[in-house]
Amino acid sequence: MPSQRAVRQPPCMGLAANGGAASLAIMDEHADTGGDADAEAHGLRKVIHIDMDAFFASVEQRDDPALRGLPVAVGGASARSVVAAASYEARKFGVRSAMPSTRAARLCPDLVFRMPRFDVYRAVSGQIRQIFLDYTPLVEPLSLDEAYLDVTADLRGIGSATRIAELIRQRIRDELQLTASAGVSYNKFLAKLASDQNKPDGLCVIRPGEGGAFVRDLPIRRFHGVGPRGAEKMASLGIETGGDLAAQPIELLRRHFGSQADYLYRAARGIDLRPVRPDRKRKSVGGERTFQHDISSGPALREVLDHIVEIVWARIERAQARGRTVTLKMRYADFSLVTRARSVPAAVTDKAQFSAIGHALLEDMLPLPQPIRLMGLTLGSLEGEGEEQPPPPASPQLALF
Ligand code: DCP
Ligand code: MG
């Protein structure tokens, strides 16, 4: 892309550390080297990733004007609670999701705590979904507040993914009185990185040819699909950034990361072949249980897990489901959610193995910081694993970004 275009709209990566000029230099240098020719050969899509800003906290501020402009945390205030969401006012003090509430209150003495209202968040999530569907049927939700959209062929014939992202952000603002950030790029991996870049209320476009440079300095923990455990393993191999990852031979990645290797190899180059899947929910089979009384003791948790294993394994057999990732999910008494996942090299084929992985995940989390009200267990594939499909035909119209 001509760099003039980038000058008019500051490149996203400039916000990272050293300002726009430096990043322009990186992009130009990259363009000279031919950059992502590989990606173009693999066929590019127009993908938007939308992520609501401080979602739970923003909904609380919207619905109670007295909270606007104040540091707000959604979650319990008690000693054993954690923060589910923090308003941007609270983040200035260092308050973050998953932080113990007592620590959050120490960092920000004026912090206002609100209990979560999941029904409202689910309703808002449905409303944003309806807005997305006005532009494309290819909407893949990742959670209540984020989704991928493939707008390569948008329903309204708008043509420009950036324009569609702006229209969607404007409608979310006008119709729901909330803000969202958007990332626009030529694949899912880059679009998700981009939406995070100019948060809150931001837009970032990573154009064809810019992906490799964008990923090069990226800390490995920001790679979608690399969890804390994966990042640790990478660090032990001396891989801290996208550039470090790109320097690894595919054989080494296969040895250490199994079927995720190809995804990682490509991602390190700004390439991602995964299609936007409107039906990806069906990819996993699981079950969960909410308890009448919160539980926290090790023996009680193990017993509940055994029970869930029985129910879920029966479902897996009925559905003839296959997967090599087991995910344990727990909702604490204050409604905050934690999930832990572990993958094995080949599909899980018997109940004993499924159970053993579930129990290992549980043991890793003991003792719990607070009692739980819900536990769930799922067999599936982590995003980025074994779900690649033949690339769509290359689009000659990349300039429409
Ligand atoms: N959430 C949670 N527990 C976590 C992380 C998130 O309950 N550990 C909930 C509250 C968040 C919502 O999910 O509002 C969306 O998560 P995000 O990671 O998108 O975070 P936010 O939307 O709050 O902030 P932002 O996207 O602006 O960084
Ligand atoms: Mg969000």
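It should be noted that the structure appears before, not after, this text.
What comes next concerns the included structure. (Residues numbered from 1 in each chain as written. Chains lettered and ligands numbered in written order. Predicted model: local features only at pLDDT ≥ 70, side-chain atom pairs only at ≥ 80, totals over all residues.)

1. With respect to the overall build of the protein chain
Right, so step 1: Tallying secondary structure elements over the protein chain gives 16 helices and twelve strands in all.
Right, so step 2: Taken over 401 residues, the protein chain has a buried fraction of 41%.
Right, so step 3: In the protein chain, 64% of the contacts between residues at least 6 apart in sequence involve partners at least 24 apart. (Helix = DSSP H or I, 4+ residues; strand = E, 2+ residues; numbered from the N terminus. Buried ≥ 20, exposed ≤ 12 C-beta atoms within 10 Å, placed from the backbone. Contact = placed C-beta atoms within 7 Å.)

2. A closer look at the environment of Cys 204
Right, so step 1: Inspection of the secondary structure puts Cys 204 in strand β8 (residues 203-205).
Right, so step 2: Separated by 20 residues in sequence, Cys 204 and Val 184 place their C-alpha atoms 6.3 Å apart.

3. Here's the deal with the nonpolar core
General note: in soluble globular proteins, nonpolar side chains tend to be found buried as a group.
Right, so step 1: Counting 91 residues, the largest nonpolar core has Ile 48, Ala 73, Ala 85 and Leu 149 as its most contacted members.
Right, so step 2: Examining the composition of this core, we find that six residues originate from one element, helix α15 (residues 298-319), more than from any other.
Right, so step 3: Excluding residues that lie within four positions of it along the chain, Ala 73 makes contacts with Val 83, Ala 86, Ala 90, Val 95, Ser 101, Ala 104, Leu 111 and Phe 113. (Core = buried A, V, L, I, M, F, W, Y, C linked by C-beta atoms within 7 Å.)

4. A word on the packing of α15 against helix α16 (residues 351-365)
Right, so step 1: Closest axis-to-axis distance for the α15/α16 pair is 10 Å, and the angle between their directions is 145°. Relative to α16, α15 is oriented so that their crossing is right-handed. Contacts between α15 and α16 involve Leu 301, Arg 302, Leu 305, Val 309 and Trp 313 on the former and, on the latter, Lys 351, Phe 354, Ser 355, Gly 358, His 359 and Leu 362. (Axes fitted to C-alpha atoms, helices over the stretch in contact; angles between N-to-C directions. Left-handed = near helix turned anticlockwise from the far one by under 90°.)

5. Comments concerning α16
Right, so step 1: Here α16 spans 22 Å end to end across 15 residues, near enough to the 21 Å set by a 1.5 Å rise per residue.
Right, so step 2: Within α16, burial applies to Phe 354, Ser 355, Ile 357, Gly 358, Leu 361 and Leu 362. Relative to the axis of α16, the buried residues are bounded by an arc of 165° and lie together on one face. For α16, the exposed residues lying more than 90 degrees away from the buried face are Ala 352, Glu 363 and Asp 364.
Right, so step 3: Tucked into the core, α16 has its buried residues touching α15, β10 (325-332), β11 (337-343) and β12 (372-380). (Expected span 1.5 Å × (residues − 1). Arc of directions from axis to C-beta.)

6. What to know about the site of ligand 1
Right, so step 1: Phe 55, Phe 56, Ala 84, Ala 85 and Ser 97 are the nearest of the 16 residues found near ligand 1.
Right, so step 2: For the shell around ligand 1, the secondary structure elements donating two or more residues are β1 (47-52) and α4 (55-63).
Right, so step 3: Across the shell around ligand 1, the residue classes break down as nine nonpolar, two polar and five charged. (Near = placed C-beta within 6 Å. Nonpolar A, V, L, I, M, F, W, Y, C, P; charged D, E, K, R; others polar.)

7. Let's talk about the environment of Gly 211
Right, so step 1: Mapped onto the elements, Gly 211 comes out in helix α10 (residues 211-216).
Right, so step 2: With 58 residues separating them along the chain, Gly 211 and Arg 269 place their C-alpha atoms 7.0 Å apart.

8. Considering the sheet that holds strand β2 (residues 72-74)
Right, so step 1: Reading across from one edge, β3-β2-β4 is the order of the three strands in this open sheet, with mixed pairing throughout. The open sheet is flanked by β3 (85-86) and β4 (112-114), the only strands paired with a single partner.
Right, so step 2: In the packing of α4 onto the sheet, the strands contacted are β2, β3 and β4, and the crossing angle to β2 comes to about 120°. (Pairing = 2+ DSSP bridges.)

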